[in-house]
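Working through the structure, step by step
In case you want the letters, here they are:
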Amino acid sequence: MTHSKDQVLLDKLAGAAREGRISRRSFMHYAAVAGVTSTTATGLWTSSAKAEPKRGGTYRLAQHDGNSSDTHDPGTYLTFAMINLAHTYRSYLTQIEPDQSLGGDIATEWSATPDAKEWTFKLTDKASFHSGGKVTANDILASMNHHRGEGNTSAAAALLADVADIVDNGDNTVTFKLNSPNADLPWLMTDYHLAIVPANEDGSANWQSGDGSGPYKLVENEFGVGSRLVRHDGWHGEGAYFDEVQILIINDPNARQTAVITGDVDAASQLENKTLGLLSRNPDIKIDNVASAAAVTMPMHTNAAPFDNPDVRNALKLSVNREELIEKIQFGAATIGNDFHHSPAMPYFPESIEQRPYDPDQAKALLKKAGAEGLTVNLSTADSVTSGAVDAAVLYAEHAKASGITINVVREANDGYYSDVWLKKPWCMVQWGARPTPDVMYSLAYKDDASWNESFWQNERFNVLLRQGKAELDDAVRAEIYTEMGQIARDDGGTVIPYFPNFVYARRGNLEHTGELAASWPMDGARAAQRWWFA
C-alpha cells in the first residue's frame with residue numbers, strides 16, 4: 001500500500017473512531033494493516049475516539065422483551081428489559097468493562113487464598129442507595145443470601161451453591177468461603193441476578209421497594225410499559241452523564257426501529273437484521289454490531305417423549321442447516337453453533353470438536369433406529385425471542401422436511417413468553433445472554449439441579465466434569481475438561497444451538513460512546529445509560 005493510501009485509510013479510521021462506528025479491536029487491526037505501530041495506533045485511537053463525554057439531556061431507549069410479569073426481585077430477573085433496567089438503577093460487586101475485562105463496581109479490589117476457596121472483596125466507601133443510606137457489608141450479605149439456602153427458588157441459586165458462608169469482616173470487606181475452589185467467583189459477581197439491594201433489619205433483602213445504588217434512581221415504573229429515572233447524585237462510579245433516562249417497552253421490532261428513525265427515541269435495543277443494509281445508509285443512524293457469546297437455543301425436554309431418546313435429539317440437530325440460517329436470518333451477524341453452549345468468545349473454547357453438518361440422510365437413519373420415522377413435533381417461538389425468531393423456526397421446518405420430520409412452528413405471544421412457554425413447552429426457542437465463562441453457563445443451564453436446566457438434561461459424567469473444572473486452577477487441564485464437556489453436550493444433550501447471534505442495536509447520530517462495547521449484553525453490557533452521552 002502506498003503512503004497516500006495509508007494516510008487515506010488512517011483518516012477514515014480516525015473518522016470512524018470519532019463517530020463511534022468502529023471498535024478499538026477493529027481499529028487496531030486495520031491500523032496494523034496500514035503499517036502503524038501498536039504504540040502509535042494506541043495514541044491515534046485515544047486522540048480520535050476518546051471524545052470528552054458531556055453531561056445533560058434525556059436519553060430515551062426503545063427496549064425489547066419487556067413483560068407485565070417482570071418484577072423487582074433479582075432472583076426472578078429474566079427478560080432483557082429486566083436486565084437493562086437492573087443495570088440502570090442497581091449496582092453489582094463487579095462488572096464487565098467495555099474491553100471485556102473484569103472491573104469493579106461496589107467492590108474496588110478482590111483477592112483469593114492460594115487454594116481459591118476464600119475470596120475477599122473490598123467495598124467502596126462512596127456507594128449509597130437512592131433512599132440515602134450508605135451501602136454496607138450488611139447489604140452485600142443480604143443481597144447474596146437472597147439467592148442462597150435450602151429450597152431457594154432464585155435462578156442464581158445454582159451459581160452460589162458452593163458458597164458455604166459469607167462473612168462481614170468489619171473493615172468494609174466481605175469474604176466468601178467456599179466448599180470447593182472456584183477461580184471464576186469474581187466473574188460470577190457480574191451475573192445480573194446478583195444485584196445489590198438494601199438489607200432489612202432482620203438481614204433479609206429489601207428488593208420490593210425498588211431501591212438501588214445504581215447510576216439512576218427510579219421515579220416511575222410500570223413493568224411491560226416503561227420507566228423514568230433521574231441521575232443519582234450519589235453514584236459512586238464513572239458516567240451517568242444524562243440528566244434523565246426514559247425506557248419505553250416496545251416489543252414490536254418494526255415499531256422499535258421506526259421510533260429510532262423518526263427520532264422519537266435515541267436508541268433501539270435490538271434491530272431486525274434484515275433491515276441493516278437499509279439502516280446503514282441512513283446518515284442519522286449509527287449501528288452497533290457486536291459479536292458475543294449470546295446464544296439462540298432450542299431446548300428439548302429430555303424427560304419426555306420423543307425427546308427422551310438421544311437418537312431423536314441428534315436427528316433434529318442434524319436437520320438444521322445452520323449456515324443458511326446465519327445467511328438468511330442473521331444476515332451474517334452470527335457465529336455458527338455446534339450444540340454445546342460454549343461460544344468462541346469464551347475462554348477455553350474447544351476448537352477440536354467436529355462441527356455437526358446438515359445431514360438429512362443421517363437424521364433419517366437415526367429416526368429409523370429410534371422407531372420414530374415420520375416424526376412430527378411442535379416448536380414454540382415468538383417475535384420477541386430474538387431478531388427473526390419466527391422466520392428462523394419456519395426455515396428450520398423447511399430444512400427438516402428432507403429428514404422426513406414435520407416441525408409445526410407455534411407462534412406464541414410475546415408477553416409472558418418466558419413465564420408461560422419456556423421450561424413448560426417441550427420444545428421452544430430461547431435467546432440466552434452472554435456469560436463470561438463456560439463454567440457460569442453450564443452451571444446455570446446444564447447442571448443437573450440448576451433451576452434453569454431448560455432441557456431437564458441429566459448426564460452424570462458431564463456433572464462430574466463440571467465440578468472438576470470449577471475446582472481446577474491449571475488452565476491447560478481446564479481446557480481439556482471443557483472440551484470433553486462440550487463433546488458430551490453435543491452428542492447427548494437436549495439442546496439445538498444453531499448460532500451465537502451478534503448484538504445489533506441502533507442509536508441516533510448524536511448519541512456517543514467510546515467505540516468499545518461490552519459483549520455481555522445488548523446496549524454495552526446493559527450499561528448504555530451509564531456509559532453513553534450526547535454529543
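These numbers come from a predicted model, not from an experiment.

1. Digging into the pattern of salt bridges
All chains considered together, the criterion is met by 24 salt bridges. R60 serves as the salt-bridge partner of D266, at 3.0 Å between the closest nitrogen and oxygen. You can see D266 sitting in the loop between helix 7 (253-262) and strand 11 (267-268) and its partner R60 sitting in strand 1 (residues 58-63), a full 206 residues away along the chain. According to the relative accessible area criterion, R60 is partly exposed, its value standing at 25%. Via salt bridges that share partners, R322, D339, R356, R490 and D491 belong to a single interconnected network.

2. Notes on the packing of helix 14 (residues 438-445) against helix 16 (residues 475-492)
Close contact between helix 14 and helix 16 brings their axes to 12 Å; oriented N to C, the two are set at 40°. As summarised for this structure, helix 14 and helix 16 are arranged oblique, according to the angle between their axes. Considering the relative orientation of helix 14 and helix 16, their crossing is left-handed. Facing helix 14, whose interface residues are P438, D439 and Y442, helix 16 presents R478, Y482, M485 and G486. Considered class by class, the residues forming the contact of helix 14 with helix 16 number 4 nonpolar, 1 polar and 2 charged.

3. A look at helix 12 (residues 389-401)
In this model, helix 12 (13 residues) spans 19 Å end to end at C-alpha, consistent with the 18 Å of a helix rising 1.5 Å per residue. The complete set of buried residues in helix 12 reads A389, V390, A392, A393, L395, Y396, A397, H399 and A400. Buried residues in helix 12 make contact with strand 13 (295-299), helix 9 (310-318), helix 10 (322-328), strand 15 (376-381), strand 16 (406-411) and strand 18 (495-501).

4. Notes on the packing of helix 15 (residues 460-471) against helix 16
A pair of packed helices is characterised by two quantities: the angle between their axes and the separation of those axes. For the pair helix 15 and helix 16, the least separation of the axes is 9 Å and the interaxial angle reads 155°. One element, helix 15, and the other, helix 16, form an angle in the roughly antiparallel class. Handedness of the crossing formed by helix 15 with helix 16: left-handed. Touching R461, F462, L465, L466, Q468, G469 and K470 of helix 15 are R478, I481, Y482, E484, M485, I488 and A489, all from helix 16. Of the residues in the contact of helix 15 with helix 16, the class split is 8 nonpolar, 2 polar and 4 charged.

5. With respect to the sheet that holds strand 8 (residues 216-222)
Spatial strand order, 8-9-10-1-11-19-12: 7 strands in an open sheet with mixed pairing. Across the chains shown, the open sheet's two edge strands, defined by having one partner strand only, are strand 8 and strand 12 (285-290). Alignment of strand 9 (residues 226-231) against strand 10 (residues 244-249), held across 5 bridges, turns out to be antiparallel. Pairing of V230 across the sheet is with E244, part of strand 10.

6. Structural notes on the UniProt feature "domain: Solute-binding protein family" (unreviewed entry) in the protein
Taking the UniProt record as the reference, the feature "domain: Solute-binding protein family" (unreviewed entry) is found at residues 104-446. The span residues 104-446 is 23% helical and 22% strand by assignment, and the distance between its end C-alpha atoms comes to 28 Å.

7. Notes on the packing of aromatic side chains
The relative placement of two aromatic rings is captured by the distance of their centres and the angle of their planes. Per the stated rule, a full pass over the model turns up 20 aromatic pairs. Here F80 and W521 contribute two aromatic rings whose centre-to-centre distance is 5.8 Å and whose plane-to-plane angle is 75°, an arrangement assigned as edge-to-face. Of the two residues, F80 is situated in helix 4 (residues 80-89) and W521 in the loop between strand 20 (511-512) and helix 17 (522-526); the sequence distance between them amounts to 441 residues. The exposure class of F80 is buried, given its relative accessible area of 7%. Overall, the relative accessible area of 6% leaves W521 in the buried class. Taken together through their ring pairs, the aromatic side chains of Y417, Y418, W422, W432 and W452 make up a single cluster.

8. Side note on the environment of A535
Structurally, A535 can be placed in the segment after strand 21 (533-534). Expressed as a C-alpha distance, the spacing of A535 and D243, which sit 292 residues apart in the sequence, is 14 Å. When neighbours within four sequence positions are excluded, A535 is seen to be in contact with K54, N510 and E512.

9. Observations concerning the side chain of N338
Residue placement: N338 occurs in the loop between strand 14 (334-336) and helix 11 (360-370). Assessed through its relative accessible area of 6%, N338 is described here as buried. A polar side-chain atom of N338 sits 2.8 Å from the main-chain amide nitrogen of R356. For N338, the residues in contact, after removing those within four places along its chain, are R322, I353, E354, Q355, R356, R490 and I497.

10. Focus on the sheet that holds strand 6 (residues 163-168)
The 4 strands are arranged 4-5-7-6 in an open sheet whose pairing can be described as antiparallel. Edge strands, defined here as strands with exactly one partner in the open sheet, are strand 4 (107-112) and strand 6. Neighbour to neighbour, the strand axes of the sheet diverge by 20° on average, direction disregarded. Pairing analysis gives 5 bridges linking strand 5 (residues 118-123) to strand 7 (residues 173-178), with the strands arranged antiparallel. Bridge assignment links E118 to a residue of strand 7, and that residue is K177.

Conventions and cut-offs
- Residues numbered from 1 in each chain as written.
- Predicted model: local features only at pLDDT ≥ 70, side-chain atom pairs only at ≥ 80, totals over all residues.
- Heavy atoms only, no water.
- Salt bridge = Lys/Arg side-chain N within 4 Å of Asp/Glu carboxyl O.
- Helix = DSSP H or I, 4+ residues; strand = E, 2+ residues; numbered from the N terminus.
- Buried < 20%, exposed > 50% of the residue type's maximum accessible area, 1.4 Å probe, protein only.
- Axes fitted to C-alpha atoms, helices over the stretch in contact; angles between N-to-C directions.
- Parallel < 35°, antiparallel > 145°, perpendicular 65-115°, else oblique.
- Left-handed = near helix turned anticlockwise from the far one by under 90°.
- Contact = heavy atoms within 4.5 Å.
- Nonpolar A, V, L, I, M, F, W, Y, C, P; charged D, E, K, R; others polar.
- Expected span 1.5 Å × (residues − 1).
- Pairing = 2+ DSSP bridges.
- UniProt positions renumbered as here; feature names shortened; annotations may be inferred.
- Phe/Tyr/Trp six-rings, centres within 6.5 Å; stacked < 30°, edge-to-face > 60°.
- Polar contact = N/O pair within 3.5 Å; in protein donor to acceptor, adjacent residues only side chain to side chain.

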